[in-house]
Amino acid sequence: MSTFIISNSELVSAVKKASVSEKNTYELKVAPRVEPNSGKYMASLCTCNGSVQTIAFLLVASEDITEEVDLIFPSSFAKTVTTLAAYTDGDFKIEVEENICNISCGEASLNLDMLPSAVRIEAMDPGKNKFAQVTIDTGKLKRAIEIGSSAMSAEEGKMAAVRNAIELAPVNVDGVEKLRVISVDTLGVLAAGAMAEIKQAGGLDDLLDKKAYVLNSVFCRIVNSIHSETVELFLFDKQVMMHDGNDFYIITPNAAAFPKEVSAGLYADMPKEYSMSVEQKSLTSALDIVLIGASSLEDNKACLSISNGGVTVRAMKRDNRAGVAATDVVGETDIGINGAVLKRAIAHLGTSISISGQAPNKPIFIKNGEPGVAVFTAPCKLETDADSTEKESSEEGK
(Lines give C-alpha, C1' and ligand atoms only; values in the text may rest on other atoms or scores of the structure.)
Protein backbone atom coordinates (compact mmCIF):
# COMPACT_ATOMS: atom_id res chain seq x y z
CA MET A 1 0.00 0.00 0.00
CA SER A 2 1.20 3.50 -0.89
CA THR A 3 0.26 6.49 1.27
CA PHE A 4 0.29 10.16 0.28
CA ILE A 5 -0.40 13.16 2.56
CA ILE A 6 -1.50 16.49 1.06
CA SER A 7 -2.44 19.64 2.93
CA ASN A 8 -6.13 20.49 2.85
CA SER A 9 -5.80 23.97 1.35
CA GLU A 10 -3.24 22.88 -1.24
CA LEU A 11 -5.35 20.02 -2.60
CA VAL A 12 -8.51 22.13 -2.65
CA SER A 13 -6.66 24.87 -4.55
CA ALA A 14 -5.25 22.38 -7.07
CA VAL A 15 -8.70 20.85 -7.66
CA LYS A 16 -10.19 24.30 -8.22
CA LYS A 17 -7.54 25.15 -10.80
CA ALA A 18 -7.79 21.78 -12.55
CA SER A 19 -11.59 21.88 -12.68
CA VAL A 20 -11.55 24.41 -15.55
CA SER A 21 -10.57 21.66 -17.99
CA GLU A 22 -12.23 18.72 -16.24
CA LYS A 23 -13.89 16.07 -18.36
CA ASN A 24 -13.73 12.49 -17.04
CA THR A 25 -10.60 12.22 -14.95
CA TYR A 26 -8.21 13.80 -12.44
CA GLU A 27 -4.63 12.58 -12.72
CA LEU A 28 -2.26 12.94 -9.77
CA LYS A 29 1.41 12.52 -10.70
CA VAL A 30 4.03 12.39 -7.95
CA ALA A 31 7.62 12.82 -9.12
CA PRO A 32 10.65 11.30 -7.36
CA ARG A 33 11.94 14.83 -6.71
CA VAL A 34 11.93 16.58 -3.35
CA GLU A 35 11.27 20.30 -2.95
CA PRO A 36 14.19 21.43 -0.73
CA ASN A 37 12.34 23.88 1.52
CA SER A 38 9.51 21.53 2.49
CA GLY A 39 11.07 18.09 2.13
CA LYS A 40 7.95 17.01 0.23
CA TYR A 41 7.72 15.47 -3.21
CA MET A 42 6.78 17.58 -6.22
CA ALA A 43 3.47 16.60 -7.79
CA SER A 44 0.86 17.80 -10.25
CA LEU A 45 -2.89 17.43 -10.60
CA CYS A 46 -3.89 17.23 -14.25
CA THR A 47 -7.20 17.39 -16.13
CA CYS A 48 -7.86 17.44 -19.86
CA ASN A 49 -11.05 17.94 -21.86
CA GLY A 50 -9.41 17.27 -25.23
CA SER A 51 -8.71 20.91 -26.11
CA VAL A 52 -7.40 22.31 -22.82
CA GLN A 53 -5.12 20.66 -20.27
CA THR A 54 -4.41 21.96 -16.78
CA ILE A 55 -1.33 20.98 -14.78
CA ALA A 56 -1.64 22.33 -11.23
CA PHE A 57 1.43 22.10 -9.00
CA LEU A 58 1.29 20.80 -5.42
CA LEU A 59 3.50 19.11 -2.79
CA VAL A 60 2.96 15.61 -1.41
CA ALA A 61 4.42 13.89 1.64
CA SER A 62 5.11 10.18 1.23
CA GLU A 63 7.56 7.38 1.85
CA ASP A 64 10.61 7.03 -0.38
CA ILE A 65 9.57 7.46 -4.03
CA THR A 66 12.09 6.26 -6.60
CA GLU A 67 9.96 6.52 -9.75
CA GLU A 68 7.00 8.59 -10.88
CA VAL A 69 3.65 7.58 -9.39
CA ASP A 70 0.60 8.06 -11.63
CA LEU A 71 -2.85 7.90 -10.01
CA ILE A 72 -5.95 8.39 -12.17
CA PHE A 73 -9.24 9.20 -10.46
CA PRO A 74 -12.76 9.58 -11.88
CA SER A 75 -14.27 13.09 -12.12
CA SER A 76 -16.02 12.50 -8.77
CA PHE A 77 -12.59 13.14 -7.20
CA ALA A 78 -13.32 16.89 -7.23
CA LYS A 79 -16.61 16.52 -5.35
CA THR A 80 -14.94 14.12 -2.90
CA VAL A 81 -12.19 16.61 -2.09
CA THR A 82 -14.45 19.67 -1.69
CA THR A 83 -16.93 17.73 0.46
CA LEU A 84 -14.25 16.36 2.78
CA ALA A 85 -12.59 19.79 2.99
CA ALA A 86 -15.91 21.26 4.15
CA TYR A 87 -16.07 18.61 6.88
CA THR A 88 -12.65 19.39 8.38
CA ASP A 89 -9.50 21.37 7.67
CA GLY A 90 -7.21 18.40 8.40
CA ASP A 91 -4.70 17.04 5.88
CA PHE A 92 -5.83 14.62 3.20
CA LYS A 93 -4.54 11.06 3.29
CA ILE A 94 -4.65 9.07 0.07
CA GLU A 95 -4.01 5.34 0.44
CA VAL A 96 -3.72 3.25 -2.73
CA GLU A 97 -3.75 -0.51 -3.05
CA GLU A 98 -4.07 -2.04 -6.51
CA ASN A 99 -7.06 -0.30 -8.18
CA ILE A 100 -8.76 0.95 -5.01
CA CYS A 101 -8.07 4.29 -3.40
CA ASN A 102 -9.14 5.38 0.06
CA ILE A 103 -9.31 9.12 0.68
CA SER A 104 -9.64 10.33 4.25
CA CYS A 105 -9.71 13.69 5.97
CA GLY A 106 -10.02 13.76 9.73
CA GLU A 107 -12.49 11.06 10.79
CA ALA A 108 -14.19 10.93 7.37
CA SER A 109 -13.11 8.56 4.60
CA LEU A 110 -14.39 6.91 1.45
CA ASN A 111 -13.20 4.72 -1.40
CA LEU A 112 -12.73 5.67 -5.06
CA ASP A 113 -12.12 3.30 -7.96
CA MET A 114 -8.93 3.97 -9.90
CA LEU A 115 -9.01 4.32 -13.68
CA PRO A 116 -6.50 2.80 -16.12
CA SER A 117 -5.97 5.81 -18.41
CA ALA A 118 -6.73 9.49 -19.00
CA VAL A 119 -6.97 11.82 -21.99
CA ARG A 120 -3.86 13.95 -22.40
CA ILE A 121 -2.45 16.62 -24.69
CA GLU A 122 1.21 16.18 -25.48
CA ALA A 123 3.03 19.43 -24.85
CA MET A 124 5.04 20.81 -27.75
CA ASP A 125 8.80 20.49 -27.25
CA PRO A 126 10.48 23.94 -27.29
CA GLY A 127 13.70 22.27 -28.39
CA LYS A 128 12.08 20.84 -31.52
CA ASN A 129 9.34 23.35 -32.37
CA LYS A 130 9.51 27.03 -33.16
CA PHE A 131 7.70 29.25 -30.68
CA ALA A 132 7.39 32.78 -29.32
CA GLN A 133 7.44 33.60 -25.61
CA VAL A 134 5.59 36.67 -24.31
CA THR A 135 5.14 38.12 -20.84
CA ILE A 136 2.13 40.28 -20.02
CA ASP A 137 0.93 42.05 -16.88
CA THR A 138 -1.92 39.89 -15.62
CA GLY A 139 -4.15 42.88 -14.93
CA LYS A 140 -3.80 44.13 -18.50
CA LEU A 141 -4.52 40.70 -19.97
CA LYS A 142 -7.57 40.30 -17.72
CA ARG A 143 -8.87 43.69 -18.85
CA ALA A 144 -8.36 42.79 -22.51
CA ILE A 145 -10.18 39.49 -21.96
CA GLU A 146 -13.01 41.23 -20.08
CA ILE A 147 -13.74 43.57 -22.99
CA GLY A 148 -12.49 41.53 -25.93
CA SER A 149 -14.46 38.41 -25.02
CA SER A 150 -17.69 40.24 -24.11
CA ALA A 151 -19.37 39.47 -27.45
CA MET A 152 -18.65 35.73 -27.25
CA SER A 153 -21.73 33.50 -27.27
CA ALA A 154 -22.43 29.78 -26.99
CA GLU A 155 -25.65 29.86 -29.04
CA GLU A 156 -26.21 28.30 -32.42
CA GLY A 157 -25.90 30.78 -35.24
CA LYS A 158 -24.76 31.44 -38.76
CA MET A 159 -21.12 31.86 -37.65
CA ALA A 160 -20.28 28.43 -36.23
CA ALA A 161 -16.53 29.10 -36.10
CA VAL A 162 -16.93 31.78 -33.45
CA ARG A 163 -19.11 29.79 -31.07
CA ASN A 164 -17.76 29.96 -27.53
CA ALA A 165 -14.45 31.32 -28.86
CA ILE A 166 -12.16 34.31 -29.03
CA GLU A 167 -9.35 35.23 -31.39
CA LEU A 168 -5.96 35.90 -29.80
CA ALA A 169 -3.47 37.60 -32.11
CA PRO A 170 -0.05 39.21 -31.61
CA VAL A 171 -0.06 42.57 -33.38
CA ASN A 172 2.20 45.58 -33.84
CA VAL A 173 0.40 48.89 -33.31
CA ASP A 174 2.49 52.00 -33.94
CA GLY A 175 5.66 50.10 -33.06
CA VAL A 176 4.23 48.61 -29.85
CA GLU A 177 3.79 44.84 -29.55
CA LYS A 178 0.40 43.82 -28.18
CA LEU A 179 -1.94 40.86 -27.87
CA ARG A 180 -5.33 41.55 -29.44
CA VAL A 181 -8.44 39.78 -28.14
CA ILE A 182 -11.55 39.71 -30.34
CA SER A 183 -14.93 38.05 -30.05
CA VAL A 184 -18.15 38.11 -32.05
CA ASP A 185 -21.50 36.56 -31.27
CA THR A 186 -22.69 33.66 -33.41
CA LEU A 187 -25.34 35.79 -35.14
CA GLY A 188 -22.75 38.37 -36.16
CA VAL A 189 -24.65 41.31 -34.64
CA LEU A 190 -22.10 42.19 -31.94
CA ALA A 191 -18.30 42.23 -31.91
CA ALA A 192 -15.72 43.43 -29.38
CA GLY A 193 -11.97 43.91 -29.38
CA ALA A 194 -9.30 44.96 -26.89
CA MET A 195 -5.50 44.86 -26.60
CA ALA A 196 -2.92 44.19 -23.89
CA GLU A 197 0.60 45.53 -24.26
CA ILE A 198 3.32 42.88 -24.19
CA LYS A 199 5.87 43.48 -21.45
CA GLN A 200 8.62 41.21 -22.77
CA ALA A 201 8.85 38.99 -25.83
CA GLY A 202 11.15 36.64 -27.66
CA GLY A 203 10.78 35.15 -31.14
CA LEU A 204 7.63 37.18 -31.81
CA ASP A 205 8.58 38.85 -35.11
CA ASP A 206 7.39 35.97 -37.30
CA LEU A 207 3.94 36.04 -35.70
CA LEU A 208 3.17 39.77 -35.53
CA ASP A 209 0.19 40.66 -37.73
CA LYS A 210 0.50 37.21 -39.39
CA LYS A 211 -0.80 34.62 -36.93
CA ALA A 212 -4.00 34.33 -34.90
CA TYR A 213 -5.25 31.66 -32.53
CA VAL A 214 -8.90 30.75 -31.98
CA LEU A 215 -9.21 29.79 -28.31
CA ASN A 216 -12.31 28.70 -26.41
CA SER A 217 -13.99 30.16 -23.34
CA VAL A 218 -11.96 27.95 -20.98
CA PHE A 219 -8.91 30.08 -21.84
CA CYS A 220 -10.82 33.16 -20.63
CA ARG A 221 -11.74 31.38 -17.38
CA ILE A 222 -8.10 30.42 -16.82
CA VAL A 223 -6.88 34.00 -17.34
CA ASN A 224 -9.48 35.34 -14.92
CA SER A 225 -8.31 32.90 -12.22
CA ILE A 226 -4.62 33.89 -12.38
CA HIS A 227 -3.15 35.49 -9.24
CA SER A 228 0.45 36.11 -10.38
CA GLU A 229 1.44 39.67 -11.32
CA THR A 230 2.53 38.54 -14.77
CA VAL A 231 1.64 35.64 -17.03
CA GLU A 232 3.81 33.93 -19.64
CA LEU A 233 2.44 32.65 -22.93
CA PHE A 234 4.29 30.27 -25.24
CA LEU A 235 2.89 30.56 -28.76
CA PHE A 236 3.59 27.51 -30.92
CA ASP A 237 2.12 27.03 -34.38
CA LYS A 238 -0.64 24.70 -33.19
CA GLN A 239 -0.59 25.12 -29.44
CA VAL A 240 -0.66 27.82 -26.77
CA MET A 241 0.93 27.16 -23.39
CA MET A 242 0.35 29.45 -20.42
CA HIS A 243 2.57 29.56 -17.35
CA ASP A 244 1.17 30.92 -14.08
CA GLY A 245 3.69 30.47 -11.28
CA ASN A 246 4.22 26.70 -11.04
CA ASP A 247 1.01 25.88 -12.90
CA PHE A 248 0.78 25.17 -16.64
CA TYR A 249 -2.10 25.24 -19.08
CA ILE A 250 -1.96 23.76 -22.58
CA ILE A 251 -4.54 24.94 -25.10
CA THR A 252 -5.10 23.49 -28.56
CA PRO A 253 -6.59 26.19 -30.82
CA ASN A 254 -9.82 25.65 -32.70
CA ALA A 255 -9.09 24.46 -36.24
CA ALA A 256 -11.63 26.89 -37.76
CA ALA A 257 -10.41 30.38 -38.64
CA PHE A 258 -11.93 33.51 -37.16
CA PRO A 259 -13.61 35.74 -39.79
CA LYS A 260 -11.14 38.45 -40.86
CA GLU A 261 -14.02 40.86 -41.49
CA VAL A 262 -14.48 41.17 -37.73
CA SER A 263 -11.04 42.62 -36.98
CA ALA A 264 -11.12 44.66 -40.18
CA GLY A 265 -14.49 46.14 -39.23
CA LEU A 266 -13.59 46.83 -35.61
CA TYR A 267 -10.48 48.81 -36.42
CA ALA A 268 -11.52 50.47 -39.69
CA ASP A 269 -11.26 54.26 -39.80
CA MET A 270 -14.78 55.07 -40.94
CA PRO A 271 -16.29 58.50 -41.72
CA LYS A 272 -18.91 59.60 -39.17
CA GLU A 273 -22.40 60.84 -39.98
CA TYR A 274 -23.25 60.99 -36.29
CA SER A 275 -21.33 60.83 -33.00
CA MET A 276 -21.79 61.50 -29.29
CA SER A 277 -20.15 61.08 -25.90
CA VAL A 278 -22.33 59.55 -23.19
CA GLU A 279 -22.09 58.33 -19.63
CA GLN A 280 -22.36 54.54 -19.61
CA LYS A 281 -24.58 54.66 -16.53
CA SER A 282 -27.02 57.09 -18.17
CA LEU A 283 -27.33 55.03 -21.35
CA THR A 284 -27.70 51.78 -19.39
CA SER A 285 -30.46 53.29 -17.24
CA ALA A 286 -32.26 54.59 -20.34
CA LEU A 287 -32.07 51.16 -21.97
CA ASP A 288 -33.38 49.55 -18.77
CA ILE A 289 -36.44 51.79 -18.97
CA VAL A 290 -36.97 51.05 -22.65
CA LEU A 291 -36.72 47.29 -22.01
CA ILE A 292 -39.34 47.22 -19.23
CA GLY A 293 -42.08 44.86 -20.35
CA ALA A 294 -40.00 43.33 -23.16
CA SER A 295 -40.69 39.61 -23.53
CA SER A 296 -39.51 38.86 -27.07
CA LEU A 297 -36.85 39.78 -29.58
CA GLU A 298 -39.25 42.22 -31.24
CA ASP A 299 -39.87 43.92 -27.88
CA ASN A 300 -36.13 44.61 -27.56
CA LYS A 301 -36.13 46.78 -30.67
CA ALA A 302 -35.77 50.49 -29.98
CA CYS A 303 -34.85 53.75 -31.66
CA LEU A 304 -31.83 55.85 -30.71
CA SER A 305 -32.76 59.40 -31.78
CA ILE A 306 -30.23 62.19 -32.21
CA SER A 307 -31.87 65.60 -32.62
CA ASN A 308 -31.04 69.22 -31.70
CA GLY A 309 -27.96 68.15 -29.77
CA GLY A 310 -29.92 65.71 -27.61
CA VAL A 311 -30.17 61.92 -27.45
CA THR A 312 -33.31 59.89 -26.66
CA VAL A 313 -34.05 56.17 -26.62
CA ARG A 314 -37.60 54.89 -27.18
CA ALA A 315 -39.11 51.44 -27.58
CA MET A 316 -40.57 50.63 -30.98
CA LYS A 317 -43.46 48.53 -29.66
CA ARG A 318 -44.29 50.41 -26.45
CA ASP A 319 -44.37 53.99 -25.16
CA ASN A 320 -41.24 53.51 -23.03
CA ARG A 321 -38.72 56.30 -23.61
CA ALA A 322 -35.88 58.05 -21.79
CA GLY A 323 -33.34 60.77 -22.45
CA VAL A 324 -29.61 60.10 -22.34
CA ALA A 325 -27.04 62.49 -20.86
CA ALA A 326 -24.80 63.24 -23.85
CA THR A 327 -22.17 65.78 -24.94
CA ASP A 328 -20.40 66.55 -28.22
CA VAL A 329 -23.50 65.41 -30.10
CA VAL A 330 -23.10 65.57 -33.88
CA GLY A 331 -25.74 64.67 -36.47
CA GLU A 332 -29.50 64.37 -36.81
CA THR A 333 -30.74 60.82 -37.29
CA ASP A 334 -32.77 57.89 -35.98
CA ILE A 335 -30.99 54.56 -35.52
CA GLY A 336 -32.71 51.23 -34.97
CA ILE A 337 -31.13 49.27 -32.12
CA ASN A 338 -31.64 46.06 -30.18
CA GLY A 339 -31.73 47.48 -26.66
CA ALA A 340 -30.55 44.26 -25.02
CA VAL A 341 -27.61 43.93 -27.42
CA LEU A 342 -26.56 47.58 -27.00
CA LYS A 343 -26.73 47.21 -23.22
CA ARG A 344 -24.46 44.16 -23.47
CA ALA A 345 -22.11 46.03 -25.80
CA ILE A 346 -21.41 48.82 -23.29
CA ALA A 347 -21.45 46.72 -20.11
CA HIS A 348 -17.65 46.39 -19.73
CA LEU A 349 -16.47 49.69 -21.18
CA GLY A 350 -16.34 51.81 -18.04
CA THR A 351 -17.66 55.29 -17.27
CA SER A 352 -17.43 57.35 -20.46
CA ILE A 353 -18.04 56.03 -23.95
CA SER A 354 -18.34 57.41 -27.46
CA ILE A 355 -20.85 56.21 -30.03
CA SER A 356 -20.62 56.91 -33.74
CA GLY A 357 -21.60 55.58 -37.13
CA GLN A 358 -21.41 56.11 -40.84
CA ALA A 359 -25.16 55.88 -41.44
CA PRO A 360 -28.31 54.62 -39.65
CA ASN A 361 -28.13 51.31 -41.54
CA LYS A 362 -24.38 50.78 -40.90
CA PRO A 363 -22.68 49.28 -37.81
CA ILE A 364 -22.72 51.34 -34.61
CA PHE A 365 -19.20 51.85 -33.23
CA ILE A 366 -18.56 52.19 -29.49
CA LYS A 367 -15.27 53.11 -27.81
CA ASN A 368 -14.08 54.15 -24.35
CA GLY A 369 -10.80 55.91 -25.08
CA GLU A 370 -8.59 52.95 -24.11
CA PRO A 371 -6.09 52.10 -26.90
CA GLY A 372 -7.24 49.07 -28.88
CA VAL A 373 -10.75 48.96 -27.43
CA ALA A 374 -13.53 48.87 -30.03
CA VAL A 375 -17.04 47.44 -30.11
CA PHE A 376 -19.57 47.41 -32.89
CA THR A 377 -23.15 46.27 -33.10
CA ALA A 378 -25.47 45.93 -36.07
CA PRO A 379 -28.47 48.29 -36.23
CA CYS A 380 -32.08 47.10 -36.50
CA LYS A 381 -34.42 48.17 -39.27
CA LEU A 382 -36.68 51.00 -38.12
CA GLU A 383 -40.37 50.38 -38.67
CA THR A 384 -41.71 53.39 -40.57
CA ASP A 385 -45.33 54.55 -40.72
CA ALA A 386 -45.57 52.98 -44.17
CA ASP A 387 -44.32 49.66 -42.76
CA SER A 388 -46.93 49.80 -39.99
CA THR A 389 -49.75 50.57 -42.45
CA GLU A 390 -48.67 47.75 -44.74
CA LYS A 391 -48.47 45.33 -41.80
CA GLU A 392 -51.92 46.33 -40.52
CA SER A 393 -53.43 45.93 -44.03
CA SER A 394 -51.82 42.50 -44.32
CA GLU A 395 -53.21 41.40 -40.97
CA GLU A 396 -56.70 42.71 -41.88
CA GLY A 397 -56.52 40.77 -45.14
CA LYS A 398 -55.82 37.58 -43.19
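Residues numbered from 1 in each chain as written. Predicted model: local features only at pLDDT ≥ 70, side-chain atom pairs only at ≥ 80, totals over all residues. Heavy atoms only, no water.

Visitor: Let's hear about the overall build of the chain: which residues, and what values?
Guide: Within the chain, the regular secondary structure consists of 8 helices and 26 strands. Taking all 398 residues of the chain together, the buried fraction comes to 46%. Within the chain, contacts between residues at least 6 apart in sequence are counted, and of these 68% link residues at least 24 apart. A total of about 19,500 Å² of accessible surface is found on the chain, and carbon and sulfur atoms cover 48% of it. Positive and negative side-chain charges in the chain, numbering 38 and 54 respectively, have mean positions lying 4 Å apart. (Helix = DSSP H or I, 4+ residues; strand = E, 2+ residues; numbered from the N terminus. Buried < 20%, exposed > 50% of the residue type's maximum accessible area, 1.4 Å probe, protein only. Contact = heavy atoms within 4.5 Å. Areas by Shrake-Rupley, 256 points an atom, 1.4 Å probe, with all protein chains shown as cover. Lys, Arg positive; Asp, Glu negative; His and termini not counted. Charge placed at Lys NZ, Arg CZ, Asp CG, Glu CD.)

Visitor: Explain the sheet that holds strand 12 (residues 190-197) residue by residue, including any values.
Guide: Ordered by their spatial adjacency, 9 strands build an open sheet running 14-10-11-12-26-25-24-18-22, and the pairing between neighbours is antiparallel. With partners counted over all chains shown, the strands left at the sheet margins are strand 14 (213-216) and strand 22 (326-330), one partner each. Shown here is a sheet whose adjacent strand axes are inclined to one another by a mean of 20°, direction ignored. Two strands pair when backbone bridges link them, and strand 18 (residues 274-279) and strand 24 (residues 352-357) are joined in this way by 6 bridges, in the antiparallel orientation. The residue bridging Ser 277 from the neighbouring strand is Ser 354, located in strand 24. (Pairing = 2+ DSSP bridges. Axes fitted to C-alpha atoms, helices over the stretch in contact; angles between N-to-C directions.)

Visitor: I'd like a description of the pattern of salt bridges, backed by residues and values.
Guide: Applying the stated criterion across every chain, the model contains 14 salt bridges. The partner of Asp 247 in a salt bridge is Lys 17, with the nearest N and O atoms 2.6 Å apart. Taken as a pair, Asp 247 in strand 17 (residues 247-251) and Lys 17 in helix 1 (residues 8-18) lie far apart in primary sequence, 230 residues in all. Among the ionic pairs, Glu 298 bridges to Lys 301, the shortest N-O distance being 3.0 Å. The exposure class assigned to Glu 298 is partly exposed, which follows from its relative accessible area of 37%. (Salt bridge = Lys/Arg side-chain N within 4 Å of Asp/Glu carboxyl O.)

Visitor: Before we move on, could you go through helix 1 and cite the residues and values that matter?
Guide: For helix 1, the set of buried residues is Asn 8, Leu 11, Ala 14, Val 15 and Ala 18. Buried residues of helix 1 fall within an arc of 140° about the axis and therefore sit on the same side. Exposed and oriented more than 90 degrees from the buried face of helix 1 are Ser 9 and Lys 16. (Arc of directions from axis to C-beta.)

Visitor: Outline the packing of helix 1 against helix 2 (residues 76-87), supporting the account with residue identities and numerical values.
Guide: Relative placement of two packed helices is described by the angle separating their axes and the distance separating the axes. In contact at an axis separation of 10 Å, helix 1 and helix 2 are set at 145° when each is read in the N-to-C sense. The handedness of the crossing between helix 1 and helix 2 comes out as left-handed. Contacts from Asn 8, Leu 11, Val 12 and Val 15 of helix 1 reach helix 2 at Phe 77, Ala 78, Val 81 and Ala 85. For the contact of helix 1 with helix 2, a count of residues per class yields 7 nonpolar, 1 polar and no charged. (Left-handed = near helix turned anticlockwise from the far one by under 90°. Nonpolar A, V, L, I, M, F, W, Y, C, P; charged D, E, K, R; others polar.)

Visitor: Help me get a handle on the pairing of strand 11 (residues 176-184), residues and values and all.
Guide: Extensive coverage of strand 11 is indicated by the burial of 7 of its 9 residues. Bridging between strand 10 (residues 165-173) and strand 11 involves 7 bridges; their strand directions are antiparallel. Pairing of Val 173 across the sheet is with Val 176, part of strand 11. Between the antiparallel neighbours strand 10 and strand 11 lie 2 residues, among them Asp 174 with a positive phi of about 55°.

Visitor: Can you break down the side chain of Ser 263 residue by residue, with the values?
Guide: Structurally, the position occupied by Ser 263 is in helix 5 (residues 260-266). Classification of Ser 263 by relative accessible area gives buried; the value is 16%. Here Lys 260 takes part through its backbone oxygen, which lies 3.1 Å from a polar atom of the side chain of Ser 263. Those residues within four positions of Ser 263 in sequence are excluded, and the remaining contacts are Arg 180 and Ile 182. (Polar contact = N/O pair within 3.5 Å; in protein donor to acceptor, adjacent residues only side chain to side chain.)

Visitor: Could you give me a rundown of unusual backbone geometry, with the residues and numbers involved?
Guide: Phi at Asp 209 is positive, roughly 60°, even though this residue is not glycine. Among the structural elements, Asp 209 can be located in the loop between strand 13 (200-202) and strand 14. Judged by relative accessible area, Asp 209 falls into the exposed class, the value being 53%. One non-glycine residue with positive phi stands out, namely Asp 328, at about 50°. Within the element layout of this structure, Asp 328 appears in strand 22. By relative accessible area, which is 60% here, Asp 328 ends up exposed.

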